[in-house]
Amino acid sequence: MQHEGRDMKPIVSCKGVTKIFGKGELAVHALRGIDLDIMEGDFATLAGPSGSGKTTLLNMIGALDHPSGGEVMIDGQPLKGMKKAALSDLRLHKIGFIFQAYNLVPVLSARENVEFVLRLLRIDPAKRHQRADAALAEVGLAGMENRRPSALSGGQQQRVAIARALVARPRIVLADEPTANLDSGTTAELVALMSRLNRESGVTFLIGTHDPRVMSHSKRHIEMTDGQIDSDTRS
Amino acid sequence: MMDSLKLLAPLAWRNLWRNPRRTSITLIVVTIGLWSILVLSSFMTGWMESSRDASLRLLIAQGQIHADGYLDDPNIDHLMPMPDATLTAALNSPAIANWVARLELPAVAQSEYKTLPVTLLGVDPEAELRISSVPGKVVEGRYLTDLDDDSAIIGLNMAKRLKTALGRRIILMVTDADGALAERSFDVVGLFDADVGFEDTYVFTGRNLMQSMVKAEGKIAQIAFEIPEEEDLAPTLASLRAAAPGLDVRAWRKLSLLLGAMDASMAITVYIWLAVMMVMVSIGIINTQLMAVFERIHEFGLLRALGLKPGHVLALITLESMLLIGVGVLIGMLAAVLTILALRGGIDLSAFAKALEAFQSGDTIYMLFLPLDYVIFPLAVWGIGVVVALWPAWRAQKISPVEAMRHAT
């Protein structure tokens, strides 16, 4: 199923978002008035040089940090004024995260890592196993459910992270440099996987990356410099 | 609550074993801490009871009855008559195991070479066999035979100081009922071996003989009694007071302030040790948990990003502490029980016999198993350990997910 973002309602809406770290002369303006809508079904990449504000913007959209000014809305819900526990709930229900490699809980198996989010959602054990195994199968890890992260390669760990990000059926998956620690072959496989999930299952992705191999698959490319959006193009 | 526990408990348990060395060190600290508290408590209580029983068995017994004023001024003017029918009935009740009536007065003992102040005790030898350990401590010669026995039993050290010996005679001088100085010559027929202070103080003879000597026929200075169970002392004292109005009925704690103070100080020693151990255990736990938390800041950020609430992070780390300290507490309890079982034959301290003589505790200390200790001390260690571990847990839950995620990158 193909989605055309322009016809859909925004899942993420940023209006005049600013973020200032520090005070006075030491203040760093990481974001300078970002206006951005991410539409349902988008497969968007957020690119730009180091220090351009990609990660900071992803943190704001992921409800991991508060903007200094402006407003972020997720699925029509403004984040401003929400308490920590409510933000945790929002992340749990609406946002999936894929970070750089090695972001699995080392004492849990692949299945348990994926199931963890479902446990937080209080889904009963039988359904949990079924959904976790299905998510792992979808990312090509059938048969590896009981392996601990230490027994998986970097690429396999990142696939588990993708399965974990998708298993709760979030409204959007935010990925920050998901291929930064992977070799080119594994990167190509992962990008193809995320692209397929977007194309076939309609999962919305916003990916912060430097990697041209990731950008080449994106349907929408957002370029940032010095805390501002330089360009926002759709292919 | 149960959902959270189901979510966090398996994770907490696995987290404990991420660093087996650190976990083992904490377990060892908790185990040794609790083990030492429990074993020390058993040893000290055993020692105290042994010392107390030995002291009480010499003369004091569990309680005594005197004429009012005798304990403040123990002279012939403060004697009392033999117990009347009411008091005798009370003393012969099942609440009292044994009792004995004694005449006790300050006296002077004189040999050919030396004169010493002593306490002369006129006793009923047959009754003393049931209540006092002195007859069994006679190491040379014999004990007294009857109420009219006109010989004397003295301590080994007193014999040495008087430069006298078994079979020789000493003179005993004591104020009689008329206020005159009564003196009499006694054959030393037995020498007893007790602690030096006791040996230097007491001289024993027949009660009838002594009553006749001081012209106090039918008069006594004290009734000593022992009861089957220490816990029954208070009601027994009450019933004796009711049976003997006007007489001074006291428990051993009020008769021997030193023994009472020792009893209390043993308990204080155990609690001081508990406090020292608690400080050590707490430092160990805080150190371990702080390290465990700071090593995993990034992971807590990840879990928070996935949707774990701050309260869950606090609960997770607290649960880890509860499990870790709980396991240490169980091992500590088991180790203490095994130690006490292994030493159930007693600890032979004969090498320190001279030093122990002052405590009258005997050469062998028997450790006591005190069930209440196995509730109070483990709960104290566990509870305080968990409370101190709340600080690192609180710090971990305060950190924002983005700060935590930045921690590792």
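Undergrad: A description of unusual backbone geometry should follow, citing residues and the corresponding values.
TA: Residue and element names in this part refer to chain A. The backbone of Arg122 sits at a positive phi, close to 60°, despite the residue not being glycine. By the secondary structure assignment, Arg122 is in the loop between helix H3 (110-120) and helix H4 (125-138). The class of Arg122 is exposed, set by a relative accessible area of 60%.

Undergrad: An account of the pairing of strand S3 (residues 98-110) of chain B is needed here, citing residue identities and associated values.
TA: All names here are of chain B. Here S3 pairs with strand S11 (residues 222-226) via five bridges, running antiparallel. In the sheet register, Arg102 faces S11, and the bridge partner there is Gln222. Hairpin connection between S3 and strand S4 (residues 115-123): a loop of four residues separates the two successive antiparallel strands. Taken together, the three bridges between S3 and strand S7 (residues 169-175) define a ladder with antiparallel strand orientation. Bridged to Val108 within S7 is Met173.

Undergrad: Go over the environment of Ala221(B), please, and point to the residues and values.
TA: Residues and elements named next belong to chain B. Tracing the backbone through its elements, the reader meets Ala221 in the loop between strand S10 (219-220) and S11. In this structure Ala221 comes out as buried when scored by relative accessible area, which is 0%. Here the alpha-carbon distance between Ala221 and Asn75, two residues 146 residues apart in the chain, equals 8.7 Å. If sequence neighbours within four positions are ignored, Ala221 has contacts with Ile65, His66, Ala67, Tyr70, Leu79, Met80, Arg102, Leu103 and Glu104.

Undergrad: If you had to explain the pattern of salt bridges to someone new, which residues and values would you point to?
TA: All names here are of chain B. According to the stated counting rule, one finds 28 salt bridges over all chains in the structure shown. Of the charged contacts in the structure, one is a salt bridge between Lys215 and Asp178, with a shortest N-O distance of 3.1 Å. Here the residue Lys215 occupies a position in the loop between helix H7 (207-213) and S10, and Asp178 occupies one in the loop between S7 and strand S8 (181-192), the gap between them amounting to 37 residues. For Lys215, a relative accessible area of 44% corresponds to the partly exposed category. Judged by its relative accessible area of 57%, Asp178 falls in the exposed class.

Undergrad: Go over the confidence of the model for chain A with me, naming the residues and quoting the values.
TA: All names here are of chain A. Predicted confidence across chain A gives a mean pLDDT of 89, with 96% of residues reaching 70 or more. Of all helices and strands in chain A, the one with the weakest mean pLDDT is helix H6 (residues 184-201) (85), whereas strand S4 (residues 69-74) scores best (95). Segment residues 1-6 is flagged for pLDDT under 50; beyond a separation of four residues in sequence, or across chains, it makes 16 contacts in the model.

Undergrad: Account for the sheet that holds strand S7 (residues 172-176) of chain A, with residues named and values stated.
TA: Residues and elements named next belong to chain A. Read across the open sheet, the six strands follow the order S6-S7-S8-S3-S9-S10; overall the sheet is mixed. This sheet does not close on itself; its edge strands, each paired only once, are strand S6 (95-98) and strand S10 (228-234). Here the average twist between neighbouring strands, direction ignored, is 15°. Strand contacts of helix H5 (residues 154-167): S6, S7 and strand S8 (205-208), with the helix running at about 175° to S6, the strand carrying the most contacts.

Undergrad: I'd like to hear about the environment of Pro49(A), residue by residue, with values.
TA: Residues and elements named next belong to chain A. By the element assignment, Pro49 lies in the loop between strand S3 (43-47) and helix H1 (54-61). Pro49 gets classed as partly exposed once you look at its relative accessible area, which sits at 43%. Non-local contacts of Pro49, meaning those with residues more than four positions away in its chain, are made with Lys54, His210 and Met224.

Undergrad: Describe the interface of chain A and chain B, listing the residues and the values that go with them.
TA: Interfaces are often sized by the accessible area lost when the parts come together. Tallying the contact residues gives 27 residues for chain A and 23 residues for chain B. Contact between chain A and chain B buries roughly 2300 Å² in total, counting both sides, with carbon and sulfur atoms accounting for 64%. Of all residues in chain A, Lys84(A), Val107(A) and Phe116(A) bury the most surface against chain B, accounting for 22% of the area lost on that side. Between chain A and chain B we count two salt bridges in total. Residue Asp89(A) is joined to Lys309(B) by a salt bridge in which the shortest nitrogen-to-oxygen separation is 3.5 Å. Inspection of the region where chain A meets chain B yields six residue pairs in polar contact (both at pLDDT 80 or more). Among the elements of the structure, helix H2 (84-94) and H3 of chain A are those that each provide at least two residues to the side of chain A that touches chain B. The dominant element in the side of chain A that touches chain B, judged by the number of residues it contributes, is H2(A), at six residues.

Undergrad: So what about a nonpolar patch on the surface? Which residues, and what values?
TA: Together, Tyr271(B), Leu372(B), Val375(B), Ile376(B), Leu379(B) and Trp382(B) line one region of the surface with nonpolar side chains, adding up to about 590 Å² of accessible area. With respect to the element layout, Leu379(B) can be found in helix H14 (residues 373-398).

Undergrad: Break down the nonpolar core for me, with residues and values.
TA: The biggest cluster of nonpolar side chains holds 93 residues, and the ones touching the most others in it are Cys14(A), Leu57(A), Ile61(A), Ile98(A), Ile162(A), Phe205(A) and Leu206(A). Broken down by element, the residue count for this core peaks at seven residues, all from H5(A). Look past the residues within four positions of Ile98(A) in its chain and what remains in contact with it is Gln158(A), Ala161(A), Ile162(A), Ala165(A), Val173(A), Leu174(A), Ala175(A), Asp176(A), Pro178(A), Met194(A) and Phe205(A). The next biggest cluster of nonpolar side chains, apart from the first, holds 53 residues, and it includes Val39(B), Ile96(B), Leu259(B) and Met278(B).

Rules used in this analysis
Residues numbered from 1 in each chain as written. Chains lettered and ligands numbered in written order. Predicted model: local features only at pLDDT ≥ 70, side-chain atom pairs only at ≥ 80, totals over all residues. Heavy atoms only, no water. Helix = DSSP H or I, 4+ residues; strand = E, 2+ residues; numbered from the N terminus. Buried < 20%, exposed > 50% of the residue type's maximum accessible area, 1.4 Å probe, protein only. Pairing = 2+ DSSP bridges. Contact = heavy atoms within 4.5 Å. Salt bridge = Lys/Arg side-chain N within 4 Å of Asp/Glu carboxyl O. pLDDT = per-residue confidence, 0-100. Axes fitted to C-alpha atoms, helices over the stretch in contact; angles between N-to-C directions. Buried area = accessible area lost by both parts, 1.4 Å probe. Polar contact = N/O pair within 3.5 Å; in protein donor to acceptor, adjacent residues only side chain to side chain. Patch = residues over 30% accessible without salt bridge, like charges linked within 9 Å, V, L, I, M, F, W, Y side chains within 5 Å. Areas by Shrake-Rupley, 256 points an atom, 1.4 Å probe, with all protein chains shown as cover. Core = buried A, V, L, I, M, F, W, Y, C linked by side-chain atoms within 4.5 Å.

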